[in-house]
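Structural characterization, general
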Amino acid sequence: MMIKNIIFDFDGTLVDTAPVILATMFATFKELDLPAPSREECKSTIGLRLHEIPSKLFPNRAGLGEIYTKTYQRLFKTYNTPGAIIAFEGVPETLTELKDSGYNLAIASSRHRFSLEEIVNSLKMSTLFDMIIGGDNVKNGKPSPEPVLTISNLMGWQANETLVVGDAGVDILMGKSAGCKTTGVTYGNGTIYELQNAGADYIIGSFAKIKNIL
């Protein structure tokens, strides 16, 4: 596998945002007087764009996308206190090694671009990435290949030279649909079964092991 470019998912792949996300979700449900789903159900929606989440959790309640998004974004600022979001073990060091070795790195996230850049900057990782795409930068979010294709087209990257890395089935499906090789990580929000069912080419249990498959 001759990989030159690596496109990473963000939440659950590079950083552990689940505690903050879940706290914000339950606060949002409470404010909107919605019945709270289980933590597992909520966690399974991490990786989708905010406005897409209500239709997954509350399929019988139409039209919640906009109010859910606005409420969640406001409350997220309350729960995202300094130090609440951290990079997974080995992420900063491994990203630096990959960058120094000549790999091109990018992020394709469902998180809104402003929030994405805010967290990346707070973790002092912004210089490691050639491009960052948020969920509001594309018309069609994951599992559509559009986020990967947008990065590839703008950067001039070839699919057969690009690896897509993520913790959820939608990340793997996004990468495969774009014609790229894919790697699933098992320490995030998805399950190994979800990654296998999506057809991940490789599955790793720690971020540093990405070096073993390149």
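Now for a look at the structure at hand.

Examined against the element boundaries, Ser-122 turns out to sit in helix α6 (residues 113-122). Put simply, Ser-122 and Ile-85 are 37 residues apart on the chain and 9.3 Å apart in space, counted from C-alpha to C-alpha. A distance of 2.7 Å separates a polar side-chain atom of Ser-122 from the backbone oxygen of Ile-119.

To continue, consider the packing of aromatic side chains. The final tally for this structure, using the stated rule, is seven aromatic pairs. Their ring planes at 45 degrees and their centres at 5.6 Å tell us that Phe-8 and Phe-207 sit as a pair that is tilted. Taken as a pair, Phe-8 in strand β1 (residues 5-8) and Phe-207 in the loop between β8 (202-204) and α10 (210-213) lie far apart in primary sequence, 199 residues in all. Take Phe-8: its relative accessible area is 1%, and that puts it in the buried class. Taken together, Phe-26, Phe-29, Phe-58, Tyr-68, Tyr-72 and Phe-76 form an aromatic cluster joined through their ring pairs.

An α-helical turn contains 3.6 residues, so any two residues separated by three or four positions project in the same direction. Every buried residue of α6 is listed here: Ser-115, Leu-116, Ile-119 and Val-120. For α6, the angular spread of buried residues about the axis comes to 130 degrees, placing them on one side. Opposite its buried face, α6 presents the exposed residues Phe-114 and Ser-122, each directed more than 90 degrees away. Tucked inside the fold, the buried residues of α6 contact α4 (65-79), β4 (104-108) and β5 (131-133).

Right, let's get into a nonpolar patch on the surface. Residues Ile-192, Tyr-193 and Ile-203 make up a contiguous nonpolar surface patch of about 290 Å² in total accessible area. Residue position: Tyr-193 is located in helix α9 (residues 192-198). Residue class for Tyr-193 comes out exposed when judged on its relative accessible area of 59%.

Looking now at the nonpolar core. Judged by nonpolar contacts, the single largest core of 48 residues is most densely connected at Ile-6, Phe-8, Leu-14, Met-25, Leu-95, Phe-129 and Ile-210. When residues in this core are grouped by element, the largest group, six residues, is from helix α1 (residues 18-31).

So, on to the pairing of strand β6 (residues 162-166). Summarising burial for β6: five of the five residues are buried, a large majority. Neither face of β6 is open: one carries Thr-162, Val-164 and Gly-166, the other Leu-163 and Val-165, and all of them are buried. By the bridge criterion, four bridges tie β6 to strand β7 (residues 181-185) in an arrangement that is parallel. By the bridge assignment for β7, Gly-166 is matched with Gly-184. Traced from β6 through helix α8 (residues 169-177) to β7, the parallel crossover comes out right-handed.

Attention now goes to the pairing of β4. Counting buried positions along β4 gives four out of five residues, so the element sits mostly inside the fold. Sheet analysis places β1 next to β4, joined by four bridges and oriented parallel. Bridge assignment links Ile-6 to a residue of β4, and that residue is Leu-105. Both β4 and β5 contribute to a ladder of three bridges, which runs parallel. Opposite Ala-106, over in β5, you have Met-131 as the bridge partner. This β-α-β element, β4 to α6 to β5, shows right-handed connectivity.

This part covers the side chain of Thr-150. Inspection of the secondary structure puts Thr-150 in helix α7 (residues 146-155). A distance of 2.7 Å separates the side chain of Thr-150 from the backbone oxygen of Glu-146, its partner in a polar contact.

Attention now moves to the sheet that holds β1. Ordered in space as β5-β4-β1-β6-β7-β8, the six strands form an open sheet in which the pairing is parallel. What marks the edges here is a single partner per strand, and that holds for β5 and β8. For this sheet, the mean inter-axis angle between neighbouring strands, taken without regard to orientation, is 20 degrees. The pairing of β1 with β6 spans four bridges and is parallel. If you follow Phe-8 over to β6, its bridge partner there is Val-165.

Thresholds applied
- As a convention, each chain's residues are numbered from 1 in the sequence order in which they are written.
- The model is predicted, so local features are restricted to residues of pLDDT at least 70 and side-chain atom pairs to those at 80 or more, both for listing and for counting; the totals for chains, interfaces and linings are taken over all residues.
- Excluded from the side-chain calculations are hydrogens and water; all other atoms, namely the structure's heavy atoms, are used.
- In this text, helices come from DSSP runs of H or I with a minimum length of four residues, and strands from runs of E with a minimum of two, each type numbered from the N-terminal end.
- We define a polar contact as two N or O atoms separated by no more than 3.5 Å, with the added condition that, inside protein, one atom must be a possible hydrogen donor and the other a possible acceptor, whereas residues neighbouring each other in sequence contribute only through side-chain atom pairs.
- For Phe, Tyr and Trp, rings pair up if their centres lie within 6.5 Å, where Trp contributes its six-membered ring, and each pair is then called stacked (planes under 30 degrees apart), edge-to-face (over 60) or tilted (otherwise).
- Relative accessibility thresholds used throughout: buried, under 20% of the residue-type maximum; exposed, over 50%; partly exposed, between the two (1.4 Å probe, protein chains only).
- Taking the helix axis as origin, the arc is that swept by the directions to the C-beta atoms.
- Note on definitions: a residue-residue contact is assigned when non-hydrogen atoms from the two residues lie within 4.5 Å.
- To count toward a patch, a residue needs a relative accessible area above 30% and no salt bridge. Like charges then connect within 9 Å, nonpolar side chains (Val, Leu, Ile, Met, Phe, Trp, Tyr) within 5 Å.
- Calculation of accessible area relied on Shrake-Rupley with a 1.4 Å probe; when residues are assessed, cover is drawn exclusively from the protein chains displayed.
- Should a side-chain nitrogen of Lys or Arg be within 4 Å of a carboxyl oxygen of Asp or Glu, the pair is scored as a salt bridge.
- Residues grouped as a nonpolar core are buried Ala, Val, Leu, Ile, Met, Phe, Trp, Tyr and Cys residues, joined through side-chain atoms within 4.5 Å.
- Strand pairing follows a simple DSSP-based rule, namely that at least 2 bridges must link the two strands.
- When the strands point away from the viewer and the connection leading from the first strand across the helix to the second strand turns clockwise, the crossover is called right-handed.
- Orientation is described by axes fitted as lines to C-alpha atoms, over the contacting stretch for helices, and by angles from 0 to 180 degrees between their N-to-C directions.

That's the geometry; what it means functionally is another story.
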